[in-house]
Amino acid sequence: MSPSAQTSGSQHRTVALAAMAGTTIEWYDFFIYALCTGLVFNSLFFDGLGENSLIISFATIGISFFFRPVGAALAGHLGDRIGRRAMLIATLLLMGVATTLIGLVPSSSSIGTSAPVVLVLLRILQGLSAGGEWGGAALISVEHAPAAQRGRFGAYPQLGAPLGLLLANGALAAVTALTTDDQFLAWGWRIPFLASVVLVAAGFVIRRKVEESPVYRELKESGSQSRAPLAVLFKDHWPLVVAGALLFAANNAVGYMTTGGYVQSYSVNHLGMDPTTILIGVMVAAVGWLVSTMVGGRLSDRFGRLRVYRIGFLIQLAWMFPFFALLNTANIGLVVVALVLYSFGLGLTYGPQAALFAELYPTAVRYSGAALSYAVGAVLGGAFAPMIAEALQSSTGTVYSVGVYLAGVTAVGLAVTFVLKERLGVPLGDAGADEKDEQAALTTSSNP
């Protein structure tokens, strides 16, 4: 009996929902910081930098990304050595502690330069957590799933990003609506950060109920675990890490225009739109992203992961410049239309990701490989995307220069889909590791 067959249908759903709940909380925490970067932190923590405060504030988003590969390496090593489940709980708790503490950091007017230093250190902890979180959530969902439904169940942890964005924007929209501008800057922005402790406690209870992946249990029982999964990964599978990273970078850079706070900042600071209004607009787009992510996962089970990716990337390219044209109207109705259609291509290049990454690697190095591809892709695509966008718009005087940048990154991702080999339904247990030697995941391989 295959490992996935040992898991009942109800258990599949339980595992998928637990993974989704955890990633939702993780991304809520991560996005709250990103959203407050352009609305709050430039004024309260980096105000001494004058006209460069906004760009430097956005740079702190990027700094944390450089610690994602570190978190991915640590969690990947431990996840391949001791199991996926333990890492799910550890990364969730680390993110919750860091986010709650951010809500308690005094501003620079109170403690001077110590304020931005503490803020950046806590953001680094968020980066470590985010680097290790996704791999565990994605793999435990996919490794529990039936082979024919990996895209469907693998999409559940992917839903954590749009759901986290929805919650983060909703929390900030509620606070901005219920407070004056002065109250929001003085104390209102702290409420969503402090509320994280409640969400993390709920996520902890849910994740404790998740059983270890049957695929990993099979590996452990056979004694086939690698003592040094990272060394094996870089020796035998490093091209896959690079390909996976470039693939995610193309999705992440585009996504971070909304999740990283650039669209919100541009709409408020350059177009004069009301903060609450644009936050609600992004919430509507998050719903569109959520739906298209699930659609992307399900379609990948029927048509293949790479075909769905290609369609998504082509939509991203086609809609890039119309998106910015509608955004520049500052008309909330047109802006919402722009954001919703923008999110559709984004979902098709995000929904199949968990299943695709799981099918790229053998079990013994799967956590390390998937986590590092994701983390490095986040660095390449999302780390400084909001800062680059702000710098491009400021230096050129037009937001269309941002569109050129994003179109270029998307084109790279599209090209990668023609380098990878479709591995829809490949076995994920030890048999999958054997097949890995016979059927390479890269089209450039000489193997059949």
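A few points on the structure. Everything numeric in this text was worked out from a predicted model, so none of it was measured.

Further remarks concern helix α3 (residues 68-82). Between its first and last C-alpha, α3 extends 20 Å over 15 residues, near the 21 Å set by a 1.5 Å rise per residue. Along α3, the residues classified as buried are Arg-68, Pro-69, Gly-71, Ala-72, Ala-75, Gly-76, Gly-79 and Asp-80. The buried side chains of α3 occupy one side of the element, clustering within an arc of 145 degrees when seen end-on.

This paragraph deals with helix α6 (residues 114-144). Under the 1.5 Å per step criterion, the end-to-end length of α6 is 46 Å for 31 residues, consistent within 8% with the ideal 45 Å. Of all 31 residues in α6, 25 are buried; the element is thus mostly enclosed.

Moving on, we get to the side chain of Asn-251. In this structure, Asn-251 sits in helix α14 (residues 238-259). Excluding its chain neighbours within four sequence positions, the residues that come into contact with Asn-251 are Phe-313, Gln-316, Leu-346, Thr-349 and Tyr-350.

This next bit is on the pattern of salt bridges. As enumerated under the stated definition, the model contains five salt bridges in all. A salt bridge links Arg-366 to Glu-143; the nearest nitrogen and oxygen atoms lie 2.9 Å apart. You can see Arg-366 sitting in helix α20 (residues 363-381) and its partner Glu-143 sitting in helix α6, a full 223 residues away along the chain. The two residues Arg-366 and Glu-143 agree in class, both being buried. Where salt bridges share partners, they join Arg-150, Asp-301, Arg-305 and Glu-359 into one cluster.

Quick look at the environment of Leu-356 now. Summarising the element assignment, Leu-356 is placed in helix α19 (residues 353-360). In this structure Leu-356 comes out as buried when scored by relative accessible area, which is 3%. With 66 residues separating them along the chain, Leu-356 and Glu-422 place their C-alpha atoms 8.5 Å apart. Excluding anything up to four places from it in sequence, Leu-356 contacts Leu-247, Arg-305, Leu-306 and Tyr-309.

Looking now at the nonpolar core. Phe-41, Phe-45, Met-257, Phe-323, Phe-357 and Leu-406 are the most contacted members of the largest nonpolar core, which has 104 residues in total. Among the elements that take part in this core, helix α1 (residues 9-44) stands out by supplying 13 residues, more than any other. Those residues within four positions of Leu-406 in sequence are excluded, and the remaining contacts are Ala-253, Val-254, Met-257, Met-320, Phe-324 and Tyr-342. One finds Ala-16, Ala-145, Leu-163 and Met-294 within the second-largest nonpolar core, a separate group that totals nine residues.

What counts as what
- Residues numbered from 1 in each chain as written.
- Predicted model: local features only at pLDDT ≥ 70, side-chain atom pairs only at ≥ 80, totals over all residues.
- Heavy atoms only, no water.
- Helix = DSSP H or I, 4+ residues; strand = E, 2+ residues; numbered from the N terminus.
- Expected span 1.5 Å × (residues − 1).
- Buried < 20%, exposed > 50% of the residue type's maximum accessible area, 1.4 Å probe, protein only.
- Arc of directions from axis to C-beta.
- Contact = heavy atoms within 4.5 Å.
- Salt bridge = Lys/Arg side-chain N within 4 Å of Asp/Glu carboxyl O.
- Core = buried A, V, L, I, M, F, W, Y, C linked by side-chain atoms within 4.5 Å.

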